Each structure stands twice: as structure tokens, then as C-alpha cells.
Amino acid sequence: QLLGSPEHREVARQAARESLVLLKNANKLLPLKPNMRVLVAGDGAENIPKQNGGWTLTWQGTGITNKNFPKSESIFAGISAAVKAGGGSTQLSGDGKYKRKPDVAIVVFGEEPYAEYAGNVKTIDYASPGDADLQLLKKLRAAGVPVVAVFFSGRPLWINPELNASDAFVAAWLPGTEGAGIGDVIFRGAGGKVNHDFKGKLSFSWPRRPDQPSLNRNDPEYDPLFAYGFGL
């Protein structure tokens, strides 16, 4: 009666949308009008295990699929609902290919699930295998498509190349099971009104360089890219 109840899902949806931090919004691209032709790309768009991260059903959050999350919603599903309600259309394309040029592309990507020592990294430079995520962002922008990046992570990472290749950049952390929380914020509602503005603020200082693994307020020569508490 409680697990997955509408009341609890609404709280999870609220938590997702209020935790999003907007790091970049060139030319005030966000919030988007929902009556657009929207391409949703990236390997995180239809990947509920990835948007949940580690400690989710399994220790590492791996070895599971969307089917293991009944009554849950992917980021693509949440975006599609917002766009459909506004009279627009969506296309899901993991690799960013399309037949008809979209008005905007939302690229969902980020860290794979991990927990404890299995998630240890040797560098804070975020880089997908073969820089696939970065190349996808660049490909879409080169085609003249405005790009909104939605980035999953559980820690401070150096993402300057991806940030520069995006028109808008949303730090989505691990938003959980309610993909609609993302759609609530990045799209306007009926009549062009803002449904929910960004409220999230950084809970840590975001590194300016890949050689800044330790970056805290009051450190000597404190020089973050985005300071603690930042959020547009």
C-alpha cells in the first residue's frame, strides 16, 4: 500500500526537480517551450538503473534493467510526457541520429552506477570511453541543434569539455525513479508559464581544472569553476 504509492512517487518527483542544479544556460535556452520537436539522446535517457546509481536493488546498482523498476519513469518518459502535454513531439535516439532536424536536443549521460571502493577513480576528469558523450554533444551542435546536457554524477568531476559543448548544462546527480521531475523543470507549462524554476545549489565546489581533487572553501588559493552554493 505504501511502496510506489502515488503520494510517495510525488515526493520523489519533487525531490528530483528541486535537486537539479543549472550550471549553464546560454541565451536563456531553458526552460524550453514544450511544443517543439525534441530529440532525446545519450545512454542515460532510457536507463533507470543509471539514473539511480549504486546501492539500488544490487550493491553496485548493476545487473538490473528498467524492468526491475515497476512504477518508475525514465528521463525520456518524463520528458515525453511534458512535451506531449504541450503539443510537441519527441524522438529517442541514443546515438543522436535523426531523420528530421530537431528544434533542440537533450543529451542525458554521466557516470555508470558504482558503490564503495568499486567506484574509485584515478582522476576527476570525466571521460566516457572514446569520449563518446563529448563527441555526441559536439556532433549535434555542429549540426546547428541547440543542446541541453543532463549529467549524472555522484561527486565533483571535471567536465569543462562537455560544458563547453553544451548550450545548457544541468547537474542532475542521481535523480532516482521519477524522470518526470526533470521534465517539470526544463520545460515550460501551458501558455508558456514556468512550471518549476531551478532551486538546486551546489553542495560542493566544482573543479576548474582536472588537477583539483581537493577543493574546499577557505582553502589557500581557492579557485573553483563554480563555488559552493552556486546554481542559476
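**Quick look at the side chain of Arg155**
For step 1, the next point in the chain: With respect to the helices and strands, Arg155 occurs in the loop between strand 5 (147-152) and helix 5 (160-164).
For step 2, the next point in the chain: Residue Arg155 is classed as buried on the basis of its relative accessible area, which comes to 19%.
For step 3, the next point in the chain: Separated by 3.2 Å, the side chains of Arg155 and Tyr114 make a polar contact.
For step 4, the next point in the chain: Apart from residues no more than four positions distant in its own chain, Arg155 is found in contact with Glu111, Tyr114, Gly119, Val121 and Phe204.

**Concerning the pairing of strand 4 (residues 104-110)**
For step 1, the next point in the chain: Counted residue by residue, strand 4 has seven buried out of seven residues, so it is predominantly covered.
For step 2, the next point in the chain: Of the two faces of strand 4, both are covered, the one formed by Val104, Ile106, Val108 and Gly110 as well as the one formed by Ala105, Val107 and Phe109.
For step 3, the next point in the chain: Relative to strand 4, strand 2 (residues 37-41) is paired through four bridges, and the arrangement is parallel. The partner of Leu39 across the bridge, within strand 4, is Ala105.
For step 4, the next point in the chain: Pairing of strand 4 with strand 5 involves six bridges; the strand directions are parallel.

**A short note on the environment of Asp43**
For step 1, the next point in the chain: Residue placement: Asp43 occurs in the loop between strand 2 and helix 2 (48-52).
For step 2, the next point in the chain: Taking the C-alpha atoms as reference points, Asp43 and Asp133, separated by 90 residues in sequence, lie 8.6 Å from one another.
For step 3, the next point in the chain: Those residues in contact with Asp43 that sit more than four places away from it in its chain are Lys50, Val108, Phe109 and Glu112.

**Remarks on the sheet that holds strand 2**
For step 1, the next point in the chain: Strand order in this open sheet of six strands is 1-6-5-4-2-3, and the pairing throughout is mixed. Edge positions in the sheet fall to strand 1 (21-25) and strand 3 (89-92), since each has one partner strand and no second. In this sheet, adjacent strand axes meet at a mean angle of 20° when their direction is disregarded.
For step 2, the next point in the chain: Against the sheet, helix 3 (residues 75-85) contacts strand 2, strand 3, strand 4 and strand 5, and its axis sits at roughly 160° relative to strand 3.

**Let's talk about the side chain of Ser153**
For step 1, the next point in the chain: The residue Ser153 is located in the loop between strand 5 and helix 5 in this model.
For step 2, the next point in the chain: For Ser153, a relative accessible area of 2% puts it in the buried group.
For step 3, the next point in the chain: The contact partners of Ser153, leaving out residues within four places of it in the chain, are Glu111, Trp173 and Leu174.

**Quick notes on the pattern of salt bridges**
Pairing is possible between side chains of opposite charge, provided their charged atoms come close.
For step 1, the next point in the chain: One pass over the structure, following the stated rule, counts 13 salt bridges.
For step 2, the next point in the chain: Here Arg17 and Asp184 are joined by a salt bridge, their closest N and O atoms 2.9 Å apart. With Arg17 in helix 1 (residues 6-19) and Asp184 in helix 6 (residues 180-186), the pair connects residues that are 167 residues apart, well separated along the chain. Both residues of the pair, Arg17 and Asp184, count as buried.
For step 3, the next point in the chain: Put simply, Asp223 and Arg209 hold a salt bridge, and the shortest N to O gap is 3.7 Å. Within this pair, whereas Asp223 is found in the segment after helix 6, its partner Arg209 is found in the segment after helix 6, the two being separated by 14 residues in sequence.

**A word on the packing of aromatic side chains**
For step 1, the next point in the chain: For the structure shown, the criterion picks out 10 aromatic pairs.
For step 2, the next point in the chain: Consider the rings of Phe109 and Tyr126, whose centres lie 6.1 Å apart with planes at 45°: the pair is tilted. With Phe109 in strand 4 and Tyr126 in the loop between strand 4 and helix 4 (132-142), the pair connects residues that are 17 residues apart, well separated along the chain. The same class applies to Phe109 as to Tyr126, namely buried.

Criteria and thresholds
- Position numbers for residues start from 1 in each chain and track the written sequence from start to end.
- Reporting of local features is limited, given that this is a predicted model, to residues whose pLDDT is at least 70; pairs of side-chain atoms are given and counted only at 80 or more, and all residues count toward the totals for whole chains, interfaces and linings.
- The side-chain figures draw on all heavy atoms in the structure; neither hydrogens nor water molecules are used.
- A helix here means a DSSP run of H or I that spans at least four residues, while a strand means a run of E at least two residues long, and both kinds are numbered starting from the N terminus.
- Here the term buried applies to any residue with accessible area under 20% of the maximum for its type, exposed to any over 50%, and partly exposed to those in between, with areas from a 1.4 Å probe on protein chains only.
- Pairs of N or O atoms are called polar contacts if they sit within 3.5 Å, as long as, within protein, a hydrogen donor faces a hydrogen acceptor (for residues adjacent in sequence, only side-chain-to-side-chain pairs).
- We call two residues contacting when some pair of their heavy atoms lies within 4.5 Å.
- By this definition, two strands are paired if DSSP reports at least two bridges between them.
- Angles here are taken between N-to-C directions and fall from 0 to 180 degrees, while the axes themselves are lines fitted to C-alpha atoms, restricted in helices to the stretch in contact.
- Counted as salt bridges are all cases of a side-chain nitrogen of Lys or Arg within 4 Å of a carboxyl oxygen of Asp or Glu.
- Only Phe, Tyr and Trp rings are paired, with Trp represented by its six-membered ring, and only when their centres lie within 6.5 Å; those with planes under 30 degrees apart are stacked, over 60 edge-to-face, the remainder tilted.

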